[in-house]
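# Descriptive structure summary
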Amino acid sequence: MASSYPGTPSTEITESLAEYDGIYAEWAPNEKVALETAFGASFAGRRAFCGMKHVGLNVAADPLFTISYTGVNAGLVIAVADDPGMHSSQNEQDSRHYAVAAKLPMLEPADSSECLEFAKYAYELSERFDTPVMLRMCTRIAHSRSVVETGERAEPPVSEYVKRAEKYVMMPGNARLRHPEVERRMAELGRLADDTFLNRIETGDRRLGIITSGTAYQYAREVFGGDASILKLGLVNPLPGKLILDFAASVERLAVIEELDPVIENHCKRLGLRVEGKSIFPAVGEFSQNLVASVLGRPAPSGRTFGEPIPARPPVMCAGCPHRGVFFTLARAKVAVIGDIGCYTLGASPPLHAMDSTVCMGASVSGLHGWSRALGRDGERRAVAVIGDSTFMHSGVTGLINMAYNGSGSTVIILDNSITGMTGHQQNPTTGYNIKGEPAGKIDLETLCRSVGIRRVSVVDPYDLAQCERTLREELDSEEPSVIISRRPCALLKYVKPKPPLVVGRDKCKKCKACMKLGCPAVSMRDEGASVDPTLCVGCGVCVQLCKFDAIERVDGSAEA
Amino acid sequence: MNTKNIMIVGVGGQGSLLASKALGCLLLSEGLDVKVSEVHGMSQRGGSVVTYVRYGPSVASPVIDVGQADYIVSFELLEAARWLGYLAPDGLIVTNTQRIDPMPVITGAAGYPSELAAKLASSGAKVDAFDALAPAERAGSSKAVNIVLLGRLSKYLEFAETAWYGALDQCVPARFIDMNREAFRLGRA
């Protein structure tokens, strides 16, 4: 069975698993719940899987460190996908530190084919060494597709459940006995690291020896082919000792190529080796073949330049995005916006600039409570938290409980677009459907908020700017804690049928640019006046409400929203 | 045969993922080693998006770097200019002439450069610029720009027309197949 919470670039693993008959897969509300669920299944005797992005592992860290002690019954594999370059993340943390800290084996595949091979072997290792096994990926592995030879599916037998409190009840007396087991296991895995197929030497020119793993290995292979010797590590925790020492002795110059932190490099230095790593390679961002080539003194091609500035094309809220009306209202009200993680983080972008902080999943609600407690009534009146439906389920509700319990008069806006948007439309506990799109339990947000003690719960339509503004004003003025649910499904959902695109009445437009304040990608200002791109516009009508001259019209000629 | 590099660039939401998937299917059916690399999530939301497609006897890196692309297939003119640096010295840009204003242009913080196709050509790059939107609409949907462009690209590659249609059949949902075949045919014409 598999239990995960979506997170770019890890989401598709669990989505794909859900397509297989005979595998139970689910979306959990957060990574901690997912990992505990997967552990429960392993403990019961079924092979289990849990996948997440790097920052999700922070959420799952609590069970992670202790299931390292308990070990497993049936195999348990945890996939974690890092995001060097932060294509879709708020930080660039290196998950390998978790494997080191939690004392768990970690495998790192370098292409799709190795993903299959390593995942399969990870289960063998998990059962053989009685340990959860981590599978580390990065964006360029998780979101690249390459050729895979598929095999025959094997049905592992169910491991019988036997009560073993001394192994699974981690109270101090038992945990003290388990910790030495963990150390013994890691020492044994350290010996395996010296002669596993996961780690291999590709002998080439011995004047340069490269130690590398994952996608960095592919860049090294691209640049050097046989012009260097490469030690490719597939087991990145624990790292081998003798294998590295022997390899180092066989080459003249030794370099470690690894994205993010110097984990392999520091290990080599502890082995007493002279090695180049972060002294020549960056610790930030993604690598590429040209970067590897230029750092190691090989020719790297250069390209043409365009010769004049090219305007940036940052991501934006889509045309018809239901979040836009809320952020426009917040920008106009000039309140501080404690933000969260999701598509709506784009509310921070120009021209709305309607976000003051974004930290991690759930941090908006708890952060707002801190703001309110620090600044008192005056602060409560000029700040809100914004959080999506899925993020609220993930870890916003605990912050709301704190707000109700410790009584700040804060206002939380739940942006309920009926889907987990940013990661590509995954179901969540508020949507009423499971990962397969089948009807499932549905958490009612209004009832949930009221049940934790929030008496003021209102629902607005974000396409109705007047209603948004009125409700915001009322709730900011109220001394009680409150929740505003902004409810409208994501404009990209298949069941949301777009209305015909709007048109601008040429003679009516006075070029006042009021419509431009929305930051809608479908609306632009041309020499002749405002213009609506019919290929993008979904007819949401929010811009219509801003036009004092009724210049933006539906095709039937009406200016009604 | 060395590794060949094709970049597909455009604006998030224009359907570059489907185009790269179809291209990947084709190359796989030709018995080649293939790597297709793309980025999902935040950058997809109307931002500049890029997909790398590499193929040959044995492909290592999943990405294409500066100065290496044999072909850049661009869904939008400004994006062709943005990624120009990635074109190999004798590479070719196949680009849609459609203009989609990025947010800095919409807000007035920046201007949309004029005469982009001519400027691209004057950089010394080989450029095939054409309107892919009109044929897409003729085929049945403005969303079929991706497949029109794939059809145009197919003129420059050595693979048989039937193999391309086979790849489309694999990647496109059955109810859209006729429209996409027509979009491909118009692009290739």
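Below: a short report on this structure. Keep in mind that this is a model prediction, so the values were computed, not measured.

## Things to note about the interface of chain A and chain B
Often the size quoted for an interface is simply the accessible area lost on bringing the parts together. Listed per partner, the contact involves 55 residues of chain A and 64 residues of chain B. Its largest share of buried area at the contact with chain B, chain A owes to R145, R304 and R313 of chain A, together 21% of the area lost on that side. Viewed at the interface, chain B and chain A are joined by six salt bridges. The partner of R145 of chain A in a salt bridge is E38 of chain B, and the shortest N-O contact between them spans 2.9 Å. Here chain A is connected to chain B by 25 residue pairs in polar contact (both at pLDDT 80 or more). For the side of chain A that touches chain B, the element with the most residues is helix α10 (residues 214–224) of chain A, which contributes five residues. Tallied by class, residues from the side of chain A that touches chain B come to 24 nonpolar, 21 polar and ten charged.

## What about helix α1 (residues 16–29) of chain B?
For α1 of chain B, spanning 14 residues, the distance from its first C-alpha to its last is 20 Å, which sits close to the expected 20 Å at 1.5 Å a residue. Of the positions making up α1 of chain B, those classed as buried are S16, A19, S20, A22, L23, G24, C25, L26 and L27 of chain B. Contacts made by the buried residues of α1 of chain B are with β7 (144–146) of chain A together with β1 (4–11), β2 (33–37), β3 (48–56), α6 (145–154) and α7 (161–171) of chain B. Phi for G31 of chain B, located one or two positions after α1 of chain B, is positive at around 75°.

## Points about the side chain of D128 of chain B
Residue and element names in this part refer to chain B. Considering the arrangement of structural elements, one finds D128 in strand β6 (residues 126–130). A residue is classified by how much of its surface remains accessible, and D128, at 9% relative accessible area, is buried. Reaching out from D128, the side chain makes a polar contact with the side chain of Y156 at a distance of 2.6 Å. The contact partners of D128, leaving out residues within four places of it in the chain, are L92, I93, V94, T95, R152 and Y156.

## Concerning the packing of aromatic side chains
Under the counting rule described, the total for this entry stands at eleven aromatic pairs over all chains. Taking the centre distance of 4.7 Å and the plane angle of 80° together, the rings of F43 of chain A and Y168 of chain A count as edge-to-face. Here Y168 of chain A lies in helix α8 (residues 165–168) and F43 of chain A lies in helix α2 (residues 31–44), a separation of 125 residues in the sequence. Its relative accessible area of 16% is what places Y168 of chain A among the buried residues. With a centroid separation of 5.4 Å and 25° between ring planes, the pair formed by F281 of chain A and F287 of chain A is classed as stacked. A relative accessible area of 3% means that F281 of chain A is categorised as buried. One aromatic cluster is present, formed by F39, F43, Y161 and Y168 of chain A through successive ring pairs. Note that R99 of chain B overlies the ring of Y112 of chain B, its terminal NZ or CZ placed 4.2 Å from the centroid.

Cut-offs and rules
- Residues numbered from 1 in each chain as written.
- Chains lettered and ligands numbered in written order.
- Predicted model: local features only at pLDDT ≥ 70, side-chain atom pairs only at ≥ 80, totals over all residues.
- Heavy atoms only, no water.
- Contact = heavy atoms within 4.5 Å.
- Buried area = accessible area lost by both parts, 1.4 Å probe.
- Salt bridge = Lys/Arg side-chain N within 4 Å of Asp/Glu carboxyl O.
- Polar contact = N/O pair within 3.5 Å; in protein donor to acceptor, adjacent residues only side chain to side chain.
- Helix = DSSP H or I, 4+ residues; strand = E, 2+ residues; numbered from the N terminus.
- Nonpolar A, V, L, I, M, F, W, Y, C, P; charged D, E, K, R; others polar.
- Expected span 1.5 Å × (residues − 1).
- Buried < 20%, exposed > 50% of the residue type's maximum accessible area, 1.4 Å probe, protein only.
- Phe/Tyr/Trp six-rings, centres within 6.5 Å; stacked < 30°, edge-to-face > 60°.
- Lys NZ or Arg CZ within 6 Å of the ring centre and 35° of its normal.

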